[in-house]
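# Residue-level structure breakdown
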Amino acid sequence: MPNTKALKKTDKRPFTVIIEGNIGSGKTTFLNHFKKYDNVCVLAEPVHMWRNCAGHNLLGLMYEDTSRWGFTFQSYVQLTMLQQHMFKTPHPIKLMERSIFSARYCFVEKMFCDGILPAPSASVINEWFKWITTKACPSVDLIVYLRTSPEVVYQRMLKRNREEEKLVSLQYLREIHEMHENWLYHKTMFTCPAPVIVLNADLDKSVIKEEYEKYEPHILNKIAIGVRT
Ligand SMILES: Nc1ncnc2c1ncn2[C@@H]1O[C@H](COP(=O)(O)OP(=O)(O)OP(=O)(O)O)[C@@H](O)[C@H]1O
Ligand SMILES: Nc1nc(=O)c2ncn([C@H]3C[C@H](O)[C@@H](CO)O3)c2[nH]1
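Owing to the predicted nature of the structure, the values given are computational and were not obtained by experimental measurement.

## Concerning the confidence of the model for the chain
Counting all residues, the mean pLDDT for the chain is 93, and 93% of those residues have values of 70 or more. Counting contacts from residues 2-9, a segment whose pLDDT is below 50, to residues more than four positions away or on other chains yields one contact.

In structure tokens form, the structure reads like this:
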């Protein structure tokens, strides 16, 4: 007879929160705020994997020539985000920087709409996405949308000065912003896999801690959505 007690323990999925937002919106900074809680598993975006896939910098290749490398990059993003979604943790709370959903609904969708990702390539990514999200991907419980202005994140991105992002324009950030707005704020495109909390992430570092703390009870699963503390 299997030890059902152990099975029950491992079967319990953590309360899973995905942190979404434009480039430079402060997702990493937000996640760092929650590292002080020892019952929280924090998963940063696997950028290091995208920069070194068997020695290839897929992130750099994608920005240099999106038509040539867009499909390759998005395929790997989808795999690495699936790995993050399936990552098992004993902690009751799991915070993830971005998700398989924003990869598909914001970035892949934009590449396809811009005619950069050909329809056959977009279809293959989408077939994987549909199978993964119905058969393999554990569900998420809450989305935190770090809502920013493109002009604000553009300055932050320049200041952070990531090599591969030297080719990223303010116009691109405006378009990626609109993809996030349509998905998470206006909710006119695609479905949201969980309730959305919107934070004003334009606030400067010196004061944004209060904005984080306003929603800590929701993010730490101490209070249900729709209840303001
Ligand atoms: N509220 C803020 N006020 C001012 N600067 C900020 C704020 N939040 C983050 N920054 C700065 O902006 C840059 C980007 O922040 P961060 O890396 O947290 O964003 P991100 O959303 O994780 O970015 P990416 O999606 O590109 O990984 C960093 O240099 C960070 O110090
Ligand atoms: N094209 C594309 N598709 C994605 O799914 C995706 N996810 C993140 N990024 C880019 C944004 C930052 O430069 C950098 C770190 O977030 O990686 C992506 N770019």
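## Considering the site of ligand 1
Around ligand 1 sit 18 residues, and of these Lys27, Thr28, Thr29, Arg160 and Lys205 come closest. Within the backbone of Ser25, a nitrogen or oxygen atom sits 3.2 Å from an oxygen atom of ligand 1. At 2.6 Å from an oxygen atom of ligand 1 is found a side-chain nitrogen or oxygen belonging to Arg160. Notes on ligand 1: free accessible area 630 Å², of which the protein chains cover 87%. Among the elements of the structure, helix H2 (27-34) and helix H8 (150-160) are those that each provide at least two residues to the shell around ligand 1. With three residues, H2 is the single largest residue contributor to the shell around ligand 1.

## A few points about the pairing of strand S3 (residues 93-97)
When you tally the buried positions in S3, you get five out of five residues, the bulk of the element. By the alternation rule, side chains of S3 split into Ile93, Leu95 and Glu97 and Lys94 and Met96, which are all buried. In this structure, strand S1 (residues 15-21) lies alongside S3, joined through five bridges in parallel fashion. Paired with Thr16 across the strands is Lys94, a residue of S3. Examined bridge by bridge, strand S2 (residues 40-43) and S3 share four bridges and lie parallel to one another. What sits directly across from Cys41, in S3, is Lys94.

Conventions we followed
Residues numbered from 1 in each chain as written. Chains lettered and ligands numbered in written order. Predicted model: local features only at pLDDT ≥ 70, side-chain atom pairs only at ≥ 80, totals over all residues. Heavy atoms only, no water. pLDDT = per-residue confidence, 0-100. Contact = heavy atoms within 4.5 Å. Near = heavy atom within 4 Å. Polar contact = N/O pair within 3.5 Å; in protein donor to acceptor, adjacent residues only side chain to side chain. Areas by Shrake-Rupley, 256 points an atom, 1.4 Å probe, with all protein chains shown as cover. Helix = DSSP H or I, 4+ residues; strand = E, 2+ residues; numbered from the N terminus. Buried < 20%, exposed > 50% of the residue type's maximum accessible area, 1.4 Å probe, protein only. Pairing = 2+ DSSP bridges.

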